[in-house]
Amino acid sequence: MDTPITRAEHDEFCKRMETENQRLADEDRRLGRRVSVLEDTTRQMQALTTNVERLAVSMENMAKTQAEQAGRLDDLEAMDNLATINANVEKLTTLLENSKETLERQEKRLEALEARDGEKWRQVTGYIITAITGIILGFIATHLGF
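Predicted model, so just to flag it, every value in this text is computed and none were measured. (Residues numbered from 1 in each chain as written. Predicted model: local features only at pLDDT ≥ 70, side-chain atom pairs only at ≥ 80, totals over all residues. Heavy atoms only, no water.)

The next point concerns the overall build of the chain. Looking only at helices and strands, the chain has 2 helices and 0 strands in total. Whereas a compact globule of 146 residues would reach a radius of gyration of roughly 15 Å, the chain reaches 43 Å, over 25% beyond that. Burial analysis of the chain (146 residues in total) assigns 0% to the buried set. Only carbon and sulfur atoms are counted for the fraction: they give 60% of the accessible area of the chain, which is about 13700 Å². Taken as two groups, the 20 positive and 27 negative side-chain charges of the chain have centres that lie 6 Å from each other. (Helix = DSSP H or I, 4+ residues; strand = E, 2+ residues; numbered from the N terminus. Rg over C-alpha atoms; globule rule 2.2 N^0.38 Å. Buried < 20%, exposed > 50% of the residue type's maximum accessible area, 1.4 Å probe, protein only. Areas by Shrake-Rupley, 256 points an atom, 1.4 Å probe, with all protein chains shown as cover. Lys, Arg positive; Asp, Glu negative; His and termini not counted. Charge placed at Lys NZ, Arg CZ, Asp CG, Glu CD.)

Let's shift gears to a negative patch on the surface. Residues E97, E101, E104, E107, E111, E114 and D117 make up a contiguous surface patch of negative charge. In this fold, E101 is placed in helix α2 (residues 81–144). Taking the relative accessible area as the measure of exposure, E101 reaches 43% and is therefore partly exposed. (Patch = residues over 30% accessible without salt bridge, like charges linked within 9 Å, V, L, I, M, F, W, Y side chains within 5 Å. Salt bridge = Lys/Arg side-chain N within 4 Å of Asp/Glu carboxyl O.)

This brings us to the pattern of salt bridges. Scanning the entire structure with this criterion turns up 6 salt bridges. Between D11 and R7 there is a salt bridge, with its nearest N and O atoms 3.7 Å apart. Of the two residues, D11 and R7 both sit in helix α1 (residues 7–78), 4 residues apart, roughly one turn of that helix. D11 gets classed as partly exposed once you look at its relative accessible area, which sits at 35%. Judged by relative accessible area, R7 falls into the exposed class, the value being 60%.

A few words now on the environment of G126. Relative to the assigned elements, G126 resides in helix α2. In the structure, G126 is positioned 17 residues away from H143 in sequence and 26 Å away in space, judged by C-alpha atoms.

As a further point, take the environment of G134. Looking at the element boundaries, G134 is found in helix α2. The partly exposed category is assigned to G134, whose relative accessible area is 41%. Spatially, the C-alpha atoms of G134 and A70 are 81 Å apart, while their sequence positions differ by 64 residues.

Bringing a nonpolar patch on the surface into the picture now. Taken together, the side chains of W121, V124, I128, I132, I136, L137, F139, I140 and L144 make up a nonpolar region of the molecular surface, amounting to roughly 940 Å² of accessible area. Within the element layout of this structure, L137 appears in helix α2. With relative accessibility at 54%, the residue L137 sits in the exposed group.

As structure tokens, then:
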């Protein structure tokens, strides 16, 4: 180690060190971005876990509410209000059936209207093709001397 290195060797060593430092800096930035992405993913997972816990609590509360409502419904069924509810359901069923019939009639009318436009278009194109065919045959007949 007593022999000194040449300037060219020193410059080559400096270039290699700069290149290595640049590679390490690039690797550091890349790893920093990956860590940032992982941190974001972890935050999202934590938020999702919190939301799932909240959902579980809400579902428990909803189950309790439904159980309470079931008890109240049993009480209501014991009363004569059930007959009123049945009558209202029948009225709604009748209205729904009437709505279905009206909708079916409107669908048929719409299909008829759509078919009529298509039929007229086919007739018009048929007339145009017939006219063009007649013109071509007349032109050929006049040139042939008929």
